[in-house]
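These are the residues of each chain, in order.
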Amino acid sequence: MSSTLDQHDSAYDAERAGFQTLASHRPELIVPAASADDIRQAVSQAAARGLPVAVQATGHGLPVAAEGGLLITTGAMNAVTIDPAAGTARIEAGVRWEQVIEAAAGHGLAPLSGSSPVVGAVSYTLGGGIGLMARRYGYAADQVRAVEVVTADAELRRVTPDGDPDLFWALVGGRGNFGVATALEIGLVPVQRLYGGALYFGTDLAGPALRAWRDWTRSLPEEMTSSIAVIPFPDSPHAPAPFRGQTVAHVRVAFTGEAAEGEELLAPLRAVGPRLTDTVGELPYTGSAAIHNDPTKPSGYYSTHSLLRELPEEALGALLGARAVVEVRHLGGALTKPQSAANSVGNRDALYYAGMLTPGLAPGSDLTAVRAAHEVVTRALSPWATGGQVLNFLYGDQARPQNVRRAYEPADYERLTRLKTTWDARNLFRLNHNIPPA
Ligand SMILES: Cc1cc2nc3c(=O)[nH]c(=O)nc-3n(C[C@H](O)[C@H](O)[C@H](O)COP(=O)(O)OP(=O)(O)OC[C@H]3O[C@@H](n4cnc5c(N)ncnc54)[C@H](O)[C@@H]3O)c2cc1C
């Protein structure tokens, strides 16, 4: 097994650090895994010592910090293998989306990656995965063909929908609750380019842009996936020049159809008025990071969200009044459709995801005021909320069991707890978005 680190090792701090800096892991032991066998031995060791197991690829989705447990880090497991004939990729546990995008592009293919190319592909996919082309191709999870996983009995298994439909169903959606995934086999889609990019409107047009975007989403084809963020930029030299001191509406667009059709579709949004910047045009999928332009440097953030059935005027008012960065994603389309291999991803009925984000928080910040500001908006949106939560967007203390439960259909959650009893009755895998055994 690769060497194990404890708090006395000089490499301990670097190995436990991740993208989210608001909280950090302080595990008793860290196992930097280089292979599936390292993971198997780490799980065996944790089970023997009664230590709960946590896993970290990049630290973008830190739920519970691994206080006192055994943390398996997977950053060194980053092999990507494309099978162009089958249109699939095998991706190891530490792979980031940018690696899959690059490798697939050489074969005229693309993965169902999300807004940020530096997010870990395995956790994103097993948590559902709402990507840039979500309305066209559905959840990333719906493309999973096989999960290679170490279960709580320290056995390495290759789980397929035909071989073990129950465990496959639980793993794809239930993420780290049923084992540590060492690799996934996923389907790719035949996409090389998009009509895509971003429109940025300044303070005066932020409200009109949000309203126009909402109206626009009511009659779009599935080939168009889009979202909008309303971002207050500080009046500081650190903010990008055109956005400094402005509350910017940032519309993100990914259209898989032809450019001429995309341009016609986009006309009502451009008609809102002059843009601070307009980058929408022909875009290779390898350049798709420019659509959301997500941050790539580690930082502290607090985030909450609601899933909505509709976006009436009162809901828009609540979002525009939020003391936070607001992001609304248009769902529906292929996200609502049945999958070829059943999985446990829930919330296929929502039409909008409305997220709130407070960025730039120092490690260990007091969150009382931030939580209260988010709560005001959540309450205002509640008349139109489905009550569901997206597993992938539950960070930090938001990943508590009562919220995790809301990521699934009620009957599916009960089934997950029963399967958890079968596969991990001691809840060895509990430093995660936990589903306790029945
Ligand atoms: C900037 C940003 C952009 C994002 N964009 C999107 C988006 O467009 N769409 C979307 O759906 N989500 C998005 N997310 C959410 C993201 O998908 C989740 O946070 C995801 O869990 C991140 O995975 P990671 O490996 O990068 O993070 P990590 O923090 O390393 O992992 C998160 C959790 O996943 C579990 N886990 C990790 N690896 C394994 C494994 N091998 N086996 C079992 N469990 C494991 C662990 O419980 C771990 O705590 C975004 C997040 C951020 C911060």
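## Structural notes on the nonpolar core
Step number 1: In terms of nonpolar packing, the biggest core is built from 69 residues, with Ile91, Met133 and Val147 touching the most fellow members.
Step number 2: Within the residue set of this core, elements represented by two or more residues are strand E5 (88–92), helix H3 (97–105), helix H4 (121–126), helix H5 (134–137), strand E6 (144–150), helix H6 (165–174), strand E8 (180–187) and helix H13 (410–423).
Step number 3: Per-element tally for this core: the top contributor is H6, with six residues.
Step number 4: In this view, Met133 contacts Ala110, Pro111, Leu112, Gly138, Val189, Val191, Leu194, Thr225, Thr256 and Tyr285; residues no more than four positions away in its chain are not counted.

## What about the sheet that holds strand E3 (residues 70–73)?
Step number 1: If you walk across this open sheet you meet the three strands as E1-E3-E2, and the pairing is parallel. Since the sheet does not close on itself, it has two edges, and those belong to strand E1 (29–32) and strand E2 (53–56), each with one partner. Across the sheet, the mean angle from the axis of one strand to that of its neighbour is 20°, orientation sign disregarded.
Step number 2: Strand contacts of helix H2 (residues 36–49): E1, E2 and E3, with the helix running at about 175° to E3, the strand carrying the most contacts.

## Digging into the site of the ligand
Step number 1: Around the ligand there are 31 residues in total, and Ala57, Thr58, Gly120, Ser123 and Ile130 lie nearest to it.
Step number 2: With respect to the ligand, the backbone of Ile130 contributes an N or O atom lying 2.8 Å from a nitrogen atom.
Step number 3: Look at the ligand: alone it shows 970 Å² of surface, and the protein chains cover 96% of it.
Step number 4: Within the residue set of the shell around the ligand, elements represented by two or more residues are E2, H4 and E8.

## What to know about the domain arrangement of the protein
Step number 1: On domain assignment, one finds that the protein holds domain 1 (12–73), domain 2 (80–190) and domain 3 (193–402).
Step number 2: For domain 2 and domain 3, the distance between their C-alpha centres works out to 24 Å.
Step number 3: Listed by partner, the interface residues are 35 residues for domain 2 and 37 residues for domain 3.
Step number 4: Of the roughly 3,000 Å² buried where domain 2 meets domain 3, counting both sides, 61% is carbon and sulfur surface.

## Concerning the packing of helix H10 (residues 313–320) against helix H11 (residues 368–381)
Step number 1: Relative orientation of the contacting elements H10 and H11 amounts to 175°, with a least axis distance of 9 Å. Viewed along their axes, H10 and H11 adopt a mutual orientation that is roughly antiparallel. On the side of H10, the interface is formed by Ala315, Ala318 and Leu319, while H11 contributes Val377, Ala380 and Leu381.
Step number 2: When its residues are assigned to classes, the contact of H10 with H11 shows six nonpolar, no polar and no charged.

## Some words on the sheet that holds E5
Step number 1: Pairing within the open sheet is antiparallel, and its five strands lie in the order E4-E5-E8-E6-E7. The open sheet has two free edges, formed respectively by strand E4 (80–83) and strand E7 (156–159), since each of these has just one partner strand. Put simply, the sheet's adjacent strands are angled 15° from each other on average, direction ignored.
Step number 2: Sheet topology places E6 next to E7; four bridges connect them, and they run antiparallel. Paired with Glu148 across the strands is Arg158, a residue of E7.
Step number 3: Along the sheet face, H3 touches E4, E5 and E8 and points at about 35° away from the line of E4.
Step number 4: Strand contacts of H6: E6 and E7, with the helix running at about 90° to E6, the strand carrying the most contacts.

## A short note on the packing of helix H7 (residues 203–217) against H10
Step number 1: Two elements in contact, H7 and H10, have axes whose closest approach is 11 Å; the angle formed by their N-to-C orientations is 140°. Of the possible angle classes, the one that applies to H7 and H10 is oblique. Crossing of H7 against H10: the hand is right-handed. For the pair H7 and H10, the contacting residues are Gly207, Leu210, Arg211 and Arg214 in the first and Glu313, Leu316 and Leu320 in the second.
Step number 2: Grouping the amino acids of the contact of H7 with H10 by side-chain chemistry returns three nonpolar, one polar and three charged.

## Overview of the layout of surface pockets
Step number 1: What the second largest pocket holds in volume is close to 300 Å³.
Step number 2: Listed by contribution, the elements that provide at least two residues to the lining of the second largest pocket are strand E14 (302–308) and H11.
Step number 3: Residues belonging to the lining of the second largest pocket are distributed by class as follows: three nonpolar, 12 polar and five charged.

About the criteria used
- Residues numbered from 1 in each chain as written.
- Predicted model: local features only at pLDDT ≥ 70, side-chain atom pairs only at ≥ 80, totals over all residues.
- Heavy atoms only, no water.
- Core = buried A, V, L, I, M, F, W, Y, C linked by side-chain atoms within 4.5 Å.
- Buried < 20%, exposed > 50% of the residue type's maximum accessible area, 1.4 Å probe, protein only.
- Helix = DSSP H or I, 4+ residues; strand = E, 2+ residues; numbered from the N terminus.
- Contact = heavy atoms within 4.5 Å.
- Pairing = 2+ DSSP bridges.
- Axes fitted to C-alpha atoms, helices over the stretch in contact; angles between N-to-C directions.
- Near = heavy atom within 4 Å.
- Polar contact = N/O pair within 3.5 Å; in protein donor to acceptor, adjacent residues only side chain to side chain.
- Areas by Shrake-Rupley, 256 points an atom, 1.4 Å probe, with all protein chains shown as cover.
- Domains from an automatic or database assignment.
- Buried area = accessible area lost by both parts, 1.4 Å probe.
- Parallel < 35°, antiparallel > 145°, perpendicular 65-115°, else oblique.
- Nonpolar A, V, L, I, M, F, W, Y, C, P; charged D, E, K, R; others polar.
- Left-handed = near helix turned anticlockwise from the far one by under 90°.
- 1 Å grid on protein atoms, 1.4 Å probe; cavity = no way out; pocket = protein on both sides within 12 Å on 5 of 7 lines; lining within 4 Å.
- Points joined across faces, edges and corners; volume = space filled by probe spheres on them.

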